[in-house]
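Below, each chain spelled out in residue letters.
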Amino acid sequence: MKLLEAYIENFGKLHKKKITFGEGINVICGANEAGKSTLQEFLTAMLFGLEPMRGRIKKEDIYRKYEPWNAASYYCGRLRFQVEDKPFCLTRNFYHKEKTAELISETDGEELSVAYGDLDMLLGNQTKEIYLNTWCIKQNKAATGKELADGLTEYLANVENTGTASINIQTALKRLEKQRKEILTQKKNLLQKKQQALEALQVEERILQQDIASLKEQRSLREEAQTEIRKEQTKTEPKRQRPLAATFFAVLMVFQLFLKNSNPFLGLFFMVEMILILGTVVAIVCFYRKKGKVAIIETTSDKKSEEKEDFFEEQIREKELRLLNVRETMEDAGAKTREELETEQKEQAILLAGRTIQTLSEEISQDVKEELFFAASSILAEITEGRYQKLSFNQEMEITVQGEDRMIPLESLSMGTIEQVYLAVRIAVGRLLSEESMFFSFDEAFHMYDEKRYRAVLGYLAGQPEQSLIFSCDGRETEVLDSLGISYHKITLA
């Protein structure tokens, strides 16, 4: 990427400012408070966007720091740049209530989508954090940050395990963790539903047990009552028949006495005899009629009793069958359902994938590490004019430098040398992490360099294909470049 032109409508102290960039080294000169750091922040905001921080206003809130106090809706600008010799124009409005971003290909006028990643693709899919730790060095922030070590470790792991840097391992791990949390929520919901169903079955079981016990008790009381009734009927039936039988035999005895002491009046005899016979017949008929009624009553009573007992038995059998089904269902509820088994399998698969990715991400390729060591060491050797030929990293990406007879920890070196080492690492890592080459941006990044170091660094940058922006307040860069005969493009901020 190469910058062509920037137009700043409103951004901090810069208003309606148009800046044209040149090839190679660009020296942006200006006194303190002239807007050099503001321009550097504007370029970063144009490439990666700018959002206000949530909560209370903080010192690090770039959005509020550069927001125009009198024209918030005109918090915007335009940037023209070139990627692979193709020009593009990017226009942004940073105002959070009217935020817009428009990206146009100047080759054919096609409008590209910032929201759907077209700008990210032009930037080589690098993050803002990596950009700020490699290509862009802000004032007093020459040292590499933790984000650089993390990004480098991730990049090397990606290359080692996938053959490409386009697969983001940390993003993949975060996505897996999100999926695992969703599955844990699903498992919790399934368990709650299962527990609720089990509790409902337990309530139904208790109710059925109570109903069965109640029905059995009623049946027992009914049987006892029927037994008592039968006993009473057995006692009263002979008493009911004895008066009738006694009457019948008494009539017969009177009739016999009458025959024995009969007088000659036969007519009267026959009349009495007929009356006796008729009374006997009537008595017998009445006796059997009453007996038949009693039998019918007893039969009807027995039948109703049997129906009542059948009703109890049917109800008890039905509830006992239901109780058996409920208990079987409760036993089945204790086993894992198909949905639960599938959920557990998904969880185990996600955990396995996470462990595998984590293990692979920790196994950094020795070949890729050596490539990085070689690139950084070559840059360091050139900008230190051969004094330090080699540097290396440990597993935590901490840096050591090869001295004459031993490896020297970085903190044991002078501040100027430390900044040279960081610069070499930044350039090497920036090229390694970026699919698309960017431009270097240095804001007062060389103030710890002596004349010899400074000449070596500027000589190195002049020989690189990337564009360089060097922000300076004292004109020191132009003097060194002029003395070295290196051409450059000068931009003055009044």
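Please read these numbers as outputs of a predicted model, since none were measured by experiment.

## What to know about unusual backbone geometry
What you tend to see is this: most non-glycine residues have negative phi, and most peptide bonds are trans. For K16, which is not a glycine, the phi torsion comes out positive at approximately 45 degrees. Of note, the phi angle at E84 is positive, near 55 degrees, even though the residue is not glycine. Counting through the fold element by element, E84 comes out in the loop between β4 (76-83) and β5 (86-93). For E84, a relative accessible area of 62% puts it in the exposed group.

## Observations concerning the packing of helix α10 (residues 415-433) against helix α11 (residues 451-462)
A pair of packed helices is captured by two measures, namely the crossing angle of their axes and the spacing between those axes. At a minimum axis distance of 11 Å, the contact between α10 and α11 shows a crossing angle of 10 degrees. In terms of orientation, α10 lies roughly parallel with respect to α11. Residues G416, T417, Q420, L423, I427 and R431 of α10 form the contact with α11, whose own contacting residues are R453, V457 and Y460. For the contact of α10 with α11, a count of residues per class yields 4 nonpolar, 3 polar and 2 charged.

## Notes on the sheet that holds strand β12 (residues 440-443)
The strand order across the open sheet formed by 5 strands is β8-β12-β13-β3-β14, and the pairing between neighbours is parallel. Each edge of the open sheet is held by one strand with a lone partner, namely β8 (136-137) and β14 (489-492). On the sheet, α11 packs against β3 (25-29), β12 and β13 (468-472) and is oriented at approximately 145 degrees with respect to β13. Helix-sheet contacts for helix α12 (residues 476-484) involve β3 and β13, and the interaxial angle to β3 is about 145 degrees.

## Examining the nonpolar core
Residues F81 and F446 are the most contacted members of the largest nonpolar core, which totals 86 residues. Top contributing element to this core by residue count: α10, with 11 residues. If near-sequence neighbours (up to four positions away) are discounted, F81 is found in contact with M1, K2, L3, L4, K86, P87, F88, L90, L103, L119 and L122. Listed in part, the 9 residues of the second largest apolar core include L201, I212, F312 and V326.

## Looking at the packing of α11 against α12
α12 packs onto α11 with a crossing angle of 70 degrees between their chain directions and a minimal axis gap of 10 Å. Here α12 runs roughly perpendicular to α11, going by the angle between their axes. The residues of α12 that touch α11, namely those facing E451, Y454, R455, L458 and G459, are R476, E477, V480, L481, S483 and L484. Tallied by class, the residues present in the contact of α11 with α12 amount to 5 nonpolar, 2 polar and 4 charged.

## Considerations on a negative patch on the surface
On the surface, E223, E224, E228 and E232 cluster together into a patch of negative charge. The residue E232 is located in helix α6 (residues 169-260) in this model.

## Some points on helix α1 (residues 36-48)
A rise of 1.5 Å per residue sets the reference length of α1, with its 13 residues, at 18 Å; its end C-alpha atoms lie 19 Å apart and thus fit the reference within 8%. For α1, the tally of buried residues reaches 11 of 13 residues, placing the bulk of the element in the interior. Positive phi appears at G49, one or two residues downstream of α1, with a value of about 85 degrees.

## Observations concerning the confidence of the model for the protein chain
Looking at the protein chain as a whole, the pLDDT averages 78, with 72% of positions reaching at least 70. Counted against residues more than four places away or in other chains, residues 159-167, with its pLDDT under 50, gives 15 contacts. In the predicted structure, residues 238-242 sits below a pLDDT of 50 and forms 3 contacts with residues beyond four places in sequence or in another chain.

## Focus on the sheet that holds strand β11 (residues 407-409)
Spatially, β9-β10-β11 is the arrangement adopted by the 3 strands of the open sheet, whose pairing is antiparallel. Two strands bound the open sheet, and with one partner strand each, they are β9 (391-393) and β11. Across the sheet, the mean angle from the axis of one strand to that of its neighbour is 35 degrees, orientation sign disregarded. With 3 bridges connecting them, strand β10 (residues 399-402) and β11 associate as antiparallel partners. In the sheet register, T400 faces β11, and the bridge partner there is P409.

## Section: the side chain of E477
The topology assignment puts E477 in helix α12. Nearest to the buried, unbridged E477 among oppositely charged side chains is R476, at 6.2 Å. Sequence-distant contacts of E477, defined by excluding residues within four places in its chain, comprise V27, Y454, L458, I470 and S472.

## Thoughts on the packing of aromatic side chains
Enumeration over the complete set of coordinates arrives at 14 aromatic pairs. With centroids separated by 5.6 Å and ring planes inclined at 50 degrees, the aromatic side chains of F446 and Y454 adopt a geometry described as tilted. Considered together, F446 and Y454 belong to a single accessibility category, that of buried residues. Grouping aromatic residues by their ring pairs yields a cluster made of F11, F42, Y63, Y66, Y75 and F94.

## Describing the environment of S37
Tracing the backbone shows S37 in helix α1. Separated by 407 residues in the primary sequence, S37 and E444 have C-alpha atoms spaced 9.3 Å apart.

## So, the pairing of β12
Here β12 shows a buried face lined by F440 and F442 and a second buried face lined by S441 and D443. As defined by bridge partners, β8 adjoins β12 across 2 bridges and the pair is classed as parallel. Bridge pairing in β12 links I137 to F442. Sheet analysis places β12 next to β13, joined by 4 bridges and oriented parallel. When the sheet's bridge partners are listed, F440 is paired in β13 with S468. Chirality of the crossover, the property in question, places the unit of β12, α11 and β13 among those that are right-handed.

About the thresholds
Residues numbered from 1 in each chain as written. Predicted model: local features only at pLDDT ≥ 70, side-chain atom pairs only at ≥ 80, totals over all residues. Heavy atoms only, no water. Helix = DSSP H or I, 4+ residues; strand = E, 2+ residues; numbered from the N terminus. Buried < 20%, exposed > 50% of the residue type's maximum accessible area, 1.4 Å probe, protein only. Axes fitted to C-alpha atoms, helices over the stretch in contact; angles between N-to-C directions. Parallel < 35°, antiparallel > 145°, perpendicular 65-115°, else oblique. Contact = heavy atoms within 4.5 Å. Nonpolar A, V, L, I, M, F, W, Y, C, P; charged D, E, K, R; others polar. Pairing = 2+ DSSP bridges. Core = buried A, V, L, I, M, F, W, Y, C linked by side-chain atoms within 4.5 Å. Patch = residues over 30% accessible without salt bridge, like charges linked within 9 Å, V, L, I, M, F, W, Y side chains within 5 Å. Areas by Shrake-Rupley, 256 points an atom, 1.4 Å probe, with all protein chains shown as cover. Salt bridge = Lys/Arg side-chain N within 4 Å of Asp/Glu carboxyl O. Lys, Arg positive; Asp, Glu negative; His and termini not counted. Charge placed at Lys NZ, Arg CZ, Asp CG, Glu CD. Expected span 1.5 Å × (residues − 1). pLDDT = per-residue confidence, 0-100. Phe/Tyr/Trp six-rings, centres within 6.5 Å; stacked < 30°, edge-to-face > 60°. Right-handed = clockwise from strand over helix to strand, strands pointing away.

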